[in-house]
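# Per-entry structural report
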Amino acid sequence: MVSVVWRSIPTVLTVEELLDKAFSKAKKAGDAVVDKDRIFRTRKQMTRMVGSAGDSLSSTLLQWVRRWPSLDKMSEFDVAMVEAAVGCDDYRQSLGACQWAAGKCVEISQQNAKKLRRMVNPTPMHEARREAYGRISSIMGRIEDNLDFLREARNILRALPMIDSSEPCLVVAGAPNVGKSALIASMSTGNPEIAAYPFTTKQLHVGHFVNRRLKYQLVDTPGLLDRPMEERNHIEMQAIAALEHVGNLCLFLLDPSETGGTSMEIQTNLLNEVAELLPQTPLIVIDGKGDLIDDLDPDEWAAVCEMEAALAENPDGPIPEIRNPSSGHLVISSTAPAGIERLRYEIIERIGEMRETDPLTLPDNWHVRDDSVY
Ligand SMILES: Nc1nc2c(ncn2[C@@H]2O[C@H](COP(=O)(O)OP(=O)(O)OP(=O)(O)O)[C@@H](O)[C@H]2O)c(=O)[nH]1
Ligand SMILES: [Mg+2]
């Protein structure tokens, strides 16, 4: 199951815009009718006008239904995001309403055509066309709230983080200001994408790097895995459950320098909570902002920074590693930079081990040949 590309969902017009577009197209279709016989001409015109309006409305509505991602085909993560952002029930109901209205528009145009076939005078033909237009407008009026919902939903959904659940995903957690976003930026190829969770105003980053054709995604969790458990509501809990489903590893970033403003005691409590919240997700605990940690040997730190810089020139060189003597955790610094390549190596190893222990698991998009048909 590949992630939904939220940025490509189509715009939804207002009822007024939709009707204007459909009726002006219908007028052109009517004007194009040529027939010397007045009765025949009027019948054809009125039939074409209603037919064209019905067709264009139904095809636009059905196109939206088709192009808006179906909840049934989304990953659990995406469903949880939709639930938190706009509500799955309203989402499903609004798309259902578009489908219903599309059917009704076609039905009205078919009924109108049938009626016109029995008419012999132009005046009732015009009346029938007007009546059909009225019914179409009233059907559209009935889905006005649904279209308004979809239009607003689009703005919110377009900002959601996109995660491909068929590739490894690393969830980066830690207290506010510990350097989560900086770590994602320093590990990523190119600039991380900026996205938003529905429950926080904080920007979040989704970055990635590629190793041996596997795309390792790094997902930020500001406002989600950065504060005590009791403050979380039902929707956030659902999103956390979804993160556990999509995340293969959790990188928990500590800031022993406490320059981010959170004491180590609170950070450690948060670490314990996150470990409980994501019981199935292995954790790698890292000490960040290594350049500000007093416990490190300055000479050793300088050597690590130098070796890390040398790696940029020669990627096959030795990968430096430094651990905090007081915690035993791997130390990194996104600004130095240092320890980043060691962390990357460790991630690749850990993910590799996980994939090896379950060799029968194929990626979701793997093509399976059904031999019975050959
Ligand atoms: N000295 C130093 N500062 C760092 C390092 N990493 C991040 N910072 C600084 O710490 C501050 C917070 O970094 P962010 O990456 O925004 O932290 P965050 O955890 O994403 O913060 P929120 O998203 O607000 O929770 C910024 O001012 C960074 O420049 C580091 O390795 N060393
Ligand atoms: Mg951040």
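Bear in mind the structure is a predicted one, so any value in this text is a computation, not a measurement.

## Considering the domain arrangement of the chain
In terms of domains, the chain is made up of domain 1 (6-157) and domain 2 (169-357). The distance between the C-alpha centroids of domain 1 and domain 2 comes to 49 Å. The interface of domain 1 with domain 2 comprises nine residues on the first partner and nine residues on the second. Among the elements that make up the side of domain 1 that touches domain 2, the one with the highest residue count is helix 3 (residues 76-85) (seven residues).

## Considering the packing of helix 4 (residues 88-117) against helix 5 (residues 122-142)
One can describe the packing of helix 4 onto helix 5 by two numbers: an axis separation of 10 Å at closest approach and a directional angle of 170°. For the element pair helix 4 / helix 5, the angle class is roughly antiparallel. For the pair formed by helix 4 and helix 5, the contact residues are Ala-101, Lys-104, Cys-105, Ile-108, Ser-109, Asn-112, Lys-115 and Leu-116 on the first element and Met-125, Ala-128, Ala-132, Arg-135, Ile-136, Ile-139 and Met-140 on the second.

## A word on the site of ligand 1
Near ligand 1, the surroundings consist of 18 residues, among which Gly-179, Lys-180, Ser-181, Ala-182 and Ser-333 are the closest. Partitioning the shell around ligand 1 into residue classes produces five nonpolar, eight polar and five charged.

## What to know about the pairing of strand 4 (residues 214-220)
For strand 4, the buried fraction is high: five of the seven residues fall into the buried class. Two strands pair when backbone bridges link them, and strand 1 (residues 169-173) and strand 4 are joined in this way by four bridges, in the parallel orientation. Along strand 4, the bridge assignment pairs Cys-169 with Gln-217. Direction of pairing for strand 3 (residues 203-211) relative to strand 4: antiparallel, over a ladder of six bridges. From the neighbouring strand, Asn-211 faces strand 4, where its bridge partner is Leu-214. Hairpin remark: strand 3 followed by strand 4, antiparallel, with two residues in the connecting loop; positive phi at Arg-212, about 45°.

## With respect to the sheet that holds strand 6 (residues 283-287)
Adjacent strands of a sheet form backbone hydrogen bonds with each other and so pair up, either parallel or antiparallel. Ordered by their spatial adjacency, seven strands build an open sheet running 2-3-4-1-5-6-7, and the pairing between neighbours is mixed. Each of the sheet's edge strands pairs with one partner strand only, and the pair in question is strand 2 (193-196) and strand 7 (330-331). Contacts from helix 7 (residues 180-187) reach strand 1, strand 3, strand 4 and strand 5 (249-254) within the one sheet, and its direction differs from that of strand 3 by about 30°.

## Some details on helix 7
The element helix 7 is extensively covered by neighbouring structure, given that six of its eight residues are classed as buried. For helix 7, the set of buried residues is Lys-180, Ser-181, Leu-183, Ile-184, Ser-186 and Met-187. Structurally, helix 7 contributes buried residues whose contacts are with strand 1, strand 3, strand 4, strand 5 and helix 11 (340-357).

## A short note on the environment of Val-15
Here Val-15 lies in helix 1 (residues 15-31). Residue classification places Val-15 among the partly exposed positions, given that 19 C-beta atoms sit within 10 Å. The sequence separation of Val-15 and Ile-143 amounts to 128 residues, and the corresponding C-alpha distance is 8.1 Å. Residue contacts for Val-15: discarding those within four places in its chain leaves Met-140, Gly-141, Glu-144 and Leu-147.

## Observations concerning the confidence of the model for the chain
Summary statistics for the chain give a mean pLDDT of 91 and a share of 95% for residues scoring 70 or more. Of all secondary-structure elements in the chain, the lowest mean pLDDT belongs to helix 8 (residues 234-246), at 83, while strand 7 reaches the highest, 98. Confidence over residues 368-374 falls short of pLDDT 50; this stretch has zero contacts with residues more than four positions distant or in other chains.

## Structural notes on helix 6 (residues 144-157)
Counted at 1.5 Å a residue, the expected span for helix 6 with its 14 residues is 20 Å, and the 20 Å between its end C-alpha atoms agrees. Looking at helix 6, one finds that the buried residues are Asn-146, Leu-147, Phe-149, Leu-150, Ala-153 and Leu-157. Within helix 6, the buried residues cover an arc of 155° as seen down the axis, which keeps them to one side. Of the exposed residues in helix 6, those oriented more than 90 degrees away from the buried face are Glu-152 and Asn-155. Contacts made by the buried residues of helix 6 are with helix 1, helix 3 and helix 4.

## With respect to the nonpolar core
Ranked by size, the top nonpolar core spans 86 residues in total, and within it Ala-101, Leu-170, Val-172, Ala-239 and Phe-252 carry the most contacts. It is helix 4 that contributes the most residues to this core, nine residues altogether. Shared between two domains, this core takes at least three residues from each, and those domains are domain 1 (6-157) and domain 2 (169-357). Beyond its immediate stretch of four places on either side in the chain, Phe-252 contacts Ala-173, Gly-174, Leu-271, Val-274, Leu-283, Val-285 and Ile-286.

## Things to note about the environment of Ile-266
Mapping Ile-266 onto the fold places it in helix 9 (residues 264-277). For Ile-266, a count of 14 C-beta atoms within 10 Å puts it in the partly exposed group.

Reading guide: rules and limits
- Here the residue numbers are simple positions, counted from 1 along each chain's written sequence.
- Chains carry letters and ligands carry numbers; both start at the beginning, A for chains and 1 for ligands, and go up in the order they are written.
- At least 70 in pLDDT is required for a residue's local features to be given in this predicted model, at least 80 for side-chain atom pairs to be given and counted, and no such filter applies to totals for whole chains, interfaces and linings, which use all residues.
- An automatic or database domain assignment provides the domain bounds reported here.
- Here the contact rule is simple: place C-beta atoms from the backbone, and any two residues whose C-beta atoms are within 7 Å are in contact.
- By the criteria applied, helices consist of DSSP H or I runs no shorter than four residues and strands consist of E runs no shorter than two, each listed in order from the N terminus.
- Axes here refer to lines fitted to C-alpha atoms; in helices the fit is confined to the stretch in contact. Angles between the N-to-C directions go from 0 to 180 degrees.
- Put simply, angles under 35 degrees are roughly parallel, angles over 145 are roughly antiparallel, angles from 65 to 115 are roughly perpendicular, and the rest are oblique.
- Whether a residue is near a molecule or strand depends on its C-beta atom, generated from backbone atoms, being within 6 Å of that molecule or strand.
- Nonpolar residues are Ala, Val, Leu, Ile, Met, Phe, Trp, Tyr, Cys and Pro. Charged residues are Asp, Glu, Lys and Arg, and all others, Gly as well, are polar.
- Once C-beta atoms are placed from the backbone, each residue is buried if 20 or more other C-beta atoms lie within 10 Å of its own, exposed if 12 or fewer, and partly exposed for counts between those two.
- Only when DSSP finds a minimum of two bridges between them are two strands counted as paired.
- The predictor attaches a confidence to each residue, called pLDDT, with possible values from 0 through 100.
- Expected helix span is given by 1.5 Å per residue-to-residue step, counting one fewer step than there are residues.
- Throughout, the arc means that of the directions going from the helix axis to the C-beta atoms.
- Throughout this description, the term nonpolar core refers to a group of buried Ala, Val, Leu, Ile, Met, Phe, Trp, Tyr and Cys residues whose C-beta atoms join them within 7 Å.

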